[in-house]
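# Examination of the molecular architecture
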Amino acid sequence: MRKVIGIGETVLDIIFRNEQPISAVPGGSTFNAVVSLGRAGVPSSMISETGNDRVGQNIIHFLEENGVDASHINVYPESKTPLSLAFLNERNDAEYIFYKDHPNDRIEYVYPDIQPDDIVLFGSFFALNPVIRPQVYAFLDYARQHGAILYYDVNFRASHKNEVMKITPNLLENLELADIVRGSSEDFEILFKKSDPEAVYRSQISFYTKKFIFTRAAEPVELRAEGGFQKQYPVIQGETVSTIGAGDNFNAGFIYGMIKNGITRQVIEQGLSETQWDGVIQSALQFSAECCQSINNSVSAEFGAQKRQELKAALAAMEE
C-alpha cells in the first residue's frame with residue numbers, strides 16, 4: 001500500500017477553557033494528521049524531533065500505539081519537548097502560546113524509503129524556519145525526485161507575523177514544490193493581507209501550483225484548479241467541542257481520500273475530474289468534522305476503524 005510521510009514539529013498541547021487546563025494531548029500540525037491516518041489504516045511515518053524527557057517518550061509511544069512509524073523522530077539528549085498552550089474561546093476556537101526549550105533548531109534523520117505515489121505532508125512554520133531550511137528543502141526535493149506527491153498546508157500562525165519578509169523566499173519555494181496547497185483565510189490575511197480566495201489564487205498561488213484549497217472555519221471550502229475549475233463545498237455541521245485539529249484532519253482526510261480513490265501522480269498531472277475532487281474533499285470534510293467532536297487532536301479510534309474497513313474494501317476493488 002502507498003505510504004504517507006509527515007515532516008513537522010511535535011509538541012504537547014495543553015488545552016485550556018475558562019483559563020483552566022482541561023486536557024493535555026500530543027500534537028503538532030502534521031503530527032495530528034499522521035495519527036489520524038495511522039488510525040484509518042494508512043501506513044504512515046513521522047519525521048520530527050523531541051526532547052529526551054518524559055513528554056518526548058510519551059509522544060513516541062503515542063505514535064507507535066496509533067500505527068505510525070516513529071523511527072525517524074530525533075531525540076535530543078539535552079532538550080525538553082516543546083509545549084503549546086491552546087486557549088479555547090466561546091466558539092471553541094483556539095489562541096496559542098508556544099514554549100520551546102531547544103537551544104537551537106536542528107534536524108537530523110535518515111530519509112525514509114519513498115516510492116512513486118507515496119504522499120509527503122508538510123507545512124506550518126517548521127516548513128519555513130530558516131534555521132532548518134536546508135535539511136527540510138533537501139528532503140522535499142528528494143521526495144519529489146522519487147515520485148512522491150507533495151501536499152503543503154501553509155498553516156502560518158499570527159505568532160510569526162513579524163517574520164513574513166524573512167520567510168517569503170522559503171514560502172515561494174514550498175509553493176513551487178507542492179502538488180496541492182491548502183491554506184486558511186487567516187494564513188493569507190497574515191502573509192499577503194488578502195482573504196478573498198480568488199484574489200489569493202490569482203495573485204499568489206496559481207503561478208506555482210494549480211491545485212488550491214482555501215478553508216474558512218465554518219464557511220464553505222473553496223477549490224481552485226487548472227482550466228478555471230472552481231467549486232464550493234459546505235462544511236459538515238455538527239457539535240463542535242474543539243477546532244484545534246480541524247485543519248490538520250482536513251489534510252488527513254484529503255490524503256486518505258487520495259489513496260482510497262486511487263489519485264496517483266499521473267492523475268494529478270492530468271488533472272482530477274470533478275467526481276474525483278468531490279470524493280477527496282468529502283473525505284477531508286468528514287475527518288475534520290469528526291475531529292471537532294472531541295477535545296482530541298485526531299479522529300477517534302472508532303472512526304479510524306470504520307475508515308480502515310472502507311479503505312481495505314476500496315483497495316481490494318481496485319485490484320480486481
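Each remark here, short or long, concerns the structure printed above.
Residues numbered from 1 in each chain as written. Predicted model: local features only at pLDDT ≥ 70, side-chain atom pairs only at ≥ 80, totals over all residues. Heavy atoms only, no water.

### Quick word on the environment of Val-235
Residue position: Val-235 is located in the loop between strand E14 (230-233) and helix H7 (246-260). Residues Val-235 and Leu-63 lie 172 residues apart in sequence; the distance between their C-alpha atoms is 28 Å. Apart from the residues within four sequence positions on either side, Val-235 is in contact with Ala-217, Ala-218, Glu-219, Val-221 and Leu-285. (Helix = DSSP H or I, 4+ residues; strand = E, 2+ residues; numbered from the N terminus. Contact = heavy atoms within 4.5 Å.)

### What to know about the environment of Val-164
One can find Val-164 in helix H4 (residues 164-177). A relative accessible area of 13% places Val-164 in the buried class. For the pair Val-164 and Phe-192, spaced 28 residues apart in sequence, the C-alpha to C-alpha distance is 9.0 Å. In this structure Val-164 touches Phe-156, Ile-190 and Leu-191, once residues within four positions along its chain are discounted. (Buried < 20%, exposed > 50% of the residue type's maximum accessible area, 1.4 Å probe, protein only.)

### Some details on the pairing of strand E11 (residues 180-184)
Burial analysis of E11 places five of its five residues in the buried class, which makes it a mostly covered element. Along E11, one buried face is formed by Ile-180, Arg-182 and Ser-184 and the opposite face, lined by Val-181 and Gly-183, is buried too. Note that the unit made of strand E10 (residues 149-153), H4 and E11 has a crossover that is right-handed. Inspection of the sheet shows E11 paired to strand E12 (residues 212-216) by four bridges, in the parallel sense. By the bridge assignment, Gly-183 is partnered in E12 with Phe-214. (Right-handed = clockwise from strand over helix to strand, strands pointing away. Pairing = 2+ DSSP bridges.)

### Considering the layout of surface pockets
Of the pockets and cavities examined, the largest pocket occupies roughly 1,200 Å³. Asp-93, Glu-186, Ala-217, Thr-243 and Ala-246 are the residues nearest the centre of the largest pocket, which is lined by 40 residues in total. Contributions of two or more residues to the lining of the largest pocket are made by strand E8 (94-99), E11, helix H5 (185-192), E12, H7 and helix H9 (274-291). For the lining of the largest pocket, the residue count by class is 17 nonpolar, 12 polar and 11 charged. Reported here for the second largest pocket is a volume of approximately 570 Å³. (1 Å grid on protein atoms, 1.4 Å probe; cavity = no way out; pocket = protein on both sides within 12 Å on 5 of 7 lines; lining within 4 Å. Points joined across faces, edges and corners; volume = space filled by probe spheres on them. Nonpolar A, V, L, I, M, F, W, Y, C, P; charged D, E, K, R; others polar.)

### Describing the pattern of salt bridges
Applying the stated criterion to the full structure yields 19 salt bridges. Between Asp-113 and Lys-3 there is a salt bridge, and its shortest N-O distance comes to 3.6 Å. Of this pair, Asp-113 sits in the loop between E8 and strand E9 (119-123) while Lys-3 sits in the segment before strand E1 (4-7), and the two are 110 residues apart along the sequence. For Asp-113, a relative accessible area of 47% corresponds to the partly exposed category. Classification of Lys-3 as partly exposed rests on a relative accessible area of 22%. One salt bridge in this structure joins Lys-260 and Glu-310, with 3.4 Å as the shortest N-O distance. Remark: Glu-310 occurs in helix H10 (residues 301-319) and Lys-260 occurs in helix H7; sequence separation between them is 50 residues. Each member of the salt-bridge network shares a partner with another, and the members are Glu-198, Arg-202, Arg-216, Glu-222 and Arg-224. (Salt bridge = Lys/Arg side-chain N within 4 Å of Asp/Glu carboxyl O.)

Just distances and angles here, no functional claims.
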